[in-house]
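# Structure assessment
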Amino acid sequence: MNCTAFGLIVAITALIGSARFFLALLGMDVGTGFGGIGSSREMMFASLAEPAMIMIAFTLALIAGSTQLSVIAQVMLTHGSLRVSLGLALAALVIVALAENARIPVDNPATHLELTMVHEAMVLEYSGRHLAVIEFAAALKLLLYLSLIGCIFVPWGLAPAEGTLGDYIFGIACFVGKLAVGGFLLVLLETSIA
């Protein structure tokens, strides 16, 4: 793995982490105790999630021999086999996705108990268009993680680089299907945990 590949992995992880950093600043900006508590809890989760993301990226890069997501997905599609390291990377990515998106069992987005608030404590004082932008960003982050899980670990239905229009339509349909299955599994997990 050359120095450029190492820089790309660190840059991707830093870009994902920068969104969390600015959200924590947003929580502290209002000057309430809840915002500060929520921001500190979010940063504590970040200190656990970011090293896990780096290890997941390194595991996939070592197996595929590249850090490009398209190459990783192609290797997983053609040479994907049952490996313990891939199973652990998938489990780690699911746990990181739950923690990063403030989902149950790490956080309850519908809570109103001050002692258990993480994400909601940071955005408690926001309303209107500012809250809408924050909620839209949270939905995009969930979409990003579901897309990573679906396209890397379940790469079936990906359109080839020089495919026809039918290949692209089939690829979009498979992608939407993967998102629907991921959303269903997330809802099933959240409703089965008390």
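As a reminder, the structure under discussion sits directly above these lines.
Quantities reported herein were computed from a predicted structural model and do not represent experimental measurements.

Further remarks concern helix α7 (residues 165-192). The terminal C-alpha atoms of α7, which comprises 28 residues, lie 40 Å apart, in line with the 40 Å expected from a rise of 1.5 Å per residue. Here α7 has its buried residues at G171, K178, G182, L186 and E190. Tucked inside the fold, the buried residues of α7 contact α4 (84-100) and α6 (128-153).

Looking now at the layout of surface pockets. In this structure, the largest pocket encloses a volume near 430 Å³. Lining the largest pocket are 25 residues, with H119, I134, A137, A138 and K141 positioned closest to its centre. Mapped by element, the contributors of at least two residues to the lining of the largest pocket are α1 (3-29), α4, α5 (119-122) and α6. No other element matches the nine residues that α6 contributes to the lining of the largest pocket. Among the residues forming the lining of the largest pocket, the class breakdown is 16 nonpolar, two polar and seven charged. Within this model, the second largest pocket holds a volume of roughly 370 Å³. Taken together, 15 residues make up the lining of the second largest pocket; nearest its centre are V94, L146, I149, G182 and L185. Sorting the residues of the lining of the second largest pocket by element identifies α4, α6 and α7 as the ones contributing at least two each. Ranked by the residues each element gives to the lining of the second largest pocket, the list is headed by α7, at seven residues.

The next point concerns the packing of aromatic side chains. A full pass over the atoms with the stated rule returns one aromatic pair. Taking the centre distance of 5.3 Å and the plane angle of 65° together, the rings of F21 and F22 count as edge-to-face. Look at F22 and you get exposed, because its relative accessible area is 54%.

Let's shift gears to a nonpolar patch on the surface. Nonpolar side chains collect at one region of the surface, where F21, F22, L25, M28 and M43 lie side by side and expose about 480 Å² of accessible area between them. Locating F22 in the fold gives a position in helix α1.

Pairing of side chains with opposite charge becomes possible as their charged atoms draw close. Taken as a whole, this structure holds four salt bridges when the rule is applied. The closest approach of N and O atoms between E100 and R20, which form a salt bridge, is 2.0 Å. Residue E100 is found in helix α4, and its partner R20 is found in helix α1; the two are separated by 80 residues along the sequence. Overall, the relative accessible area of 6% leaves E100 in the buried class. Here R20 falls in the buried class, since its relative accessible area comes to 2%. Here R103 makes a salt bridge to E190, at a shortest N to O gap of 2.7 Å. Taken as a pair, R103 in the loop between α4 and α5 and E190 in helix α7 lie far apart in primary sequence, 87 residues in all. Here E190 falls in the buried class, since its relative accessible area comes to 16%. Salt bridges here are not isolated pairs; linked through shared partners, they connect R20, E50, E100 and K141.

Reading the values: the criteria
Every residue gets a number counted from 1 within its own chain, in the order that chain's sequence is written. Residues qualify for local features only when their pLDDT is at least 70, as the model is predicted, and side-chain atom pairs are given and counted only at 80 or more; totals for whole chains, interfaces and linings, by contrast, use all residues. To obtain the side-chain values, all non-hydrogen atoms of the structure were used and water was disregarded. Put simply, DSSP marks the helices as runs of H or I at least four residues long and the strands as runs of E at least two long, and each gets a number from the N terminus on. Take the number of residues in a helix, subtract one, and multiply by 1.5 Å to get its expected span. Think of it in three bands: with a 1.4 Å probe and only protein chains considered, a residue is buried below 20% of the maximum accessible area for its type, exposed above 50%, and partly exposed in between. Whether two residues are in contact is decided by their heavy atoms, any of which lying within 4.5 Å being enough. Cavities and pockets were defined on a 1 Å grid built over protein atoms only: a cavity is a set of grid points that admits a 1.4 Å probe from which the probe cannot escape, a pocket is an open set flanked by protein on both sides within 12 Å along at least five of seven lines, and lining residues are those with an atom within 4 Å of any such point. Grid points are joined across faces, edges and corners, and a volume is the space filled by probe spheres set on the points. For this classification, Asp, Glu, Lys and Arg are treated as charged, while Ala, Val, Leu, Ile, Met, Phe, Trp, Tyr, Cys and Pro are nonpolar and the rest, including Gly, are polar. In this analysis, rings of Phe, Tyr and Trp, with Trp reduced to its six-membered ring, are considered paired at centre separations within 6.5 Å, and the interplanar angle assigns stacked below 30 degrees, edge-to-face beyond 60, and tilted for intermediate values. Only residues whose relative accessible area exceeds 30% and that form no salt bridge enter a patch; like-charged residues are grouped when within 9 Å of one another, and nonpolar side chains (Val, Leu, Ile, Met, Phe, Trp, Tyr) when within 5 Å. Here the open area of atoms and residues is found with the Shrake-Rupley method and a 1.4 Å probe, where only the protein chains shown may cover a residue. What counts as a salt bridge is simple: a side-chain nitrogen of Lys or Arg found within 4 Å of a carboxyl oxygen of Asp or Glu.

All we've got here are geometric facts, nothing functional implied.
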